[in-house]
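Topology and contacts: notes
Each chain is listed here by its residues.
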Amino acid sequence: MEKASEYTFPFNHIQTYVKPERLKRREVNLRRRWWIFKRTNEPMRNAIARLNTYFIIPRVSKWSIFIPAGLDWLPGDKSVVLTTDDFYILGIVTSKIHRSWMNSQKSTLGGTNAYTPTTCFETFPFPQTLDTKLVEKIREKAKQLHQYRSEQMEAKQWGITTLYNAFFDEPSSKLYKLHAELDKFVMQAYHFKEKDDILEKLLELNLELAEKEKQGESIIGSWAP
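Residues numbered from 1 in each chain as written. Predicted model: local features only at pLDDT ≥ 70, side-chain atom pairs only at ≥ 80, totals over all residues. Heavy atoms only, no water.

Ile97, Ile138 and Tyr190 are the most contacted members of the largest nonpolar core, which totals 44 residues. When neighbours within four sequence positions are excluded, Tyr190 is seen to be in contact with Ile92, Ile97, Phe124, Pro125, Phe126, Pro127, Leu202 and Leu205. Membership of the second largest hydrophobic core comes to seven residues, among which are Leu51, Ile56, Ala69 and Val81. (Core = buried A, V, L, I, M, F, W, Y, C linked by side-chain atoms within 4.5 Å. Buried < 20%, exposed > 50% of the residue type's maximum accessible area, 1.4 Å probe, protein only. Contact = heavy atoms within 4.5 Å.)

Spelled out as structure tokens, the structure:
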């Protein structure tokens, strides 16, 4: 309270208009901590506090691209956060395999994608590879992609949507080539072939892993093997 009261104008406003309403509430915590938001998302704050970075995606966007975020950012409810700093995970969720799953599971808002974590992420089967060299290749390629995107956006003063609009579907662009290289490694991690129906294979893997979990067997989820 002492710290909050240093912000005189907003604190006085809350004391005048919010506190009387909070004191009427049945929830003890709301009455005791009347000057603080009801939900401060402490589990997420605690989870990202121990990381070097974390990955974030807008809930609603055209491209639905995860990007690394700085610890000085504070994500709001319009974002989905992955509480990991492992670029291997970024590589997997940036690949065409995850995009295929996302596009089949997503909802839409207007003409844009809506990334719903319960359907797009929590149901997504991660590769079960134990090939540490391949894991490292995916990790390094994701770092290269991030470095390239950052340099391009800084040089051109573009946002990531503008960058992808311009170059993602251009085979001669470095963005296209980096994604193709990343996709190649991720396909290898899944033991998928180009002729495979990716969604069909992912559904098979999803069901297989669900059955293993029921039997008490360990599987590889959203972490490096």
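Attention now goes to the layout of surface pockets. Taken as a whole, the largest pocket spans an internal volume of roughly 420 Å³. Looking at the largest pocket, it is lined by 21 residues, and the ones nearest its centre are Arg39, Thr40, Asn41, Pro75 and Asp77. Put simply, the parts of the chain that give the lining of the largest pocket at least two residues each are α5 (42-49) and β4 (79-82). In terms of residue count, the dominant contributor to the lining of the largest pocket is β4 (three residues). Split by residue class, the lining of the largest pocket holds twelve nonpolar, four polar and five charged. Taken as a whole, the second largest pocket encloses approximately 250 Å³ of empty space. Forming the walls of the second largest pocket are 15 residues, and the residues nearest its centre are Glu122, Thr123, Phe124, Pro125 and Ile219. The dominant element in the lining of the second largest pocket, judged by the number of residues it contributes, is helix α12 (residues 198-214), at four residues. Of the residues that constitute the lining of the second largest pocket, the class distribution is nine nonpolar, four polar and two charged. (1 Å grid on protein atoms, 1.4 Å probe; cavity = no way out; pocket = protein on both sides within 12 Å on 5 of 7 lines; lining within 4 Å. Points joined across faces, edges and corners; volume = space filled by probe spheres on them. Helix = DSSP H or I, 4+ residues; strand = E, 2+ residues; numbered from the N terminus. Nonpolar A, V, L, I, M, F, W, Y, C, P; charged D, E, K, R; others polar.)

Further remarks concern the environment of Phe167. Position of Phe167 among the secondary structure elements: in helix α10 (residues 160-167). When neighbours within four sequence positions are excluded, Phe167 is seen to be in contact with Tyr148, Gln152, Lys156, Trp158, Ser173, Leu175 and Tyr176.

Note that side chains of opposite charge can pair when their charged atoms are close. With the rule as written, the count across this model stands at ten salt bridges. The residue Glu181 makes a salt bridge to Lys141 at a minimum N-O spacing of 2.8 Å. Separated by 40 residues along the polypeptide, Glu181 in helix α11 (residues 174-190) and Lys141 in helix α9 (residues 132-156) bring together distant segments of the chain. Linked through salt bridges whose partners overlap, the residues forming this network are Arg25, Glu27 and Lys38. (Salt bridge = Lys/Arg side-chain N within 4 Å of Asp/Glu carboxyl O.)

Pairing within the open sheet is antiparallel, and its three strands lie in the order β3-β1-β4. Bordering the open sheet on either side are β3 (67-69) and β4, each of which pairs with just one other strand. Here the average twist between neighbouring strands, direction ignored, is 40°. With three bridges joining them, strand β1 (residues 54-58) and β3 adopt antiparallel strand pairing. Looking at β3, one finds that Phe55 is bridged to Pro68. (Pairing = 2+ DSSP bridges. Axes fitted to C-alpha atoms, helices over the stretch in contact; angles between N-to-C directions.)

What follows is about the side chain of Ser64. Checked against the element boundaries, Ser64 lands in the loop between β2 (60-61) and β3. When neighbours within four sequence positions are excluded, Ser64 is seen to be in contact with Ile57, Met102 and Asn113.

Moving on, we come to α10. Every α-helical turn comprises 3.6 residues, leaving residues that sit three or four positions apart pointing alike. Considered for burial, the residues of α10 that qualify are Ile160, Leu163 and Tyr164. Looking straight down α10, one finds that the buried residues subtend no more than 95° of arc, so they occupy a single side. For α10, the secondary structure elements touched by its buried residues are β3, α9 and α11. (Arc of directions from axis to C-beta.)

Now for unusual backbone geometry. The phi angle at Asn41 is positive, at roughly 55°, despite the residue not being glycine. Inspection of the secondary structure puts Asn41 in the loop between α4 (28-32) and α5. By relative accessible area, Asn41 is classed as partly exposed at 44%. Residue His191 is not a glycine yet carries a positive backbone phi of 60°. Here His191 shows up in the loop between α11 and α12.

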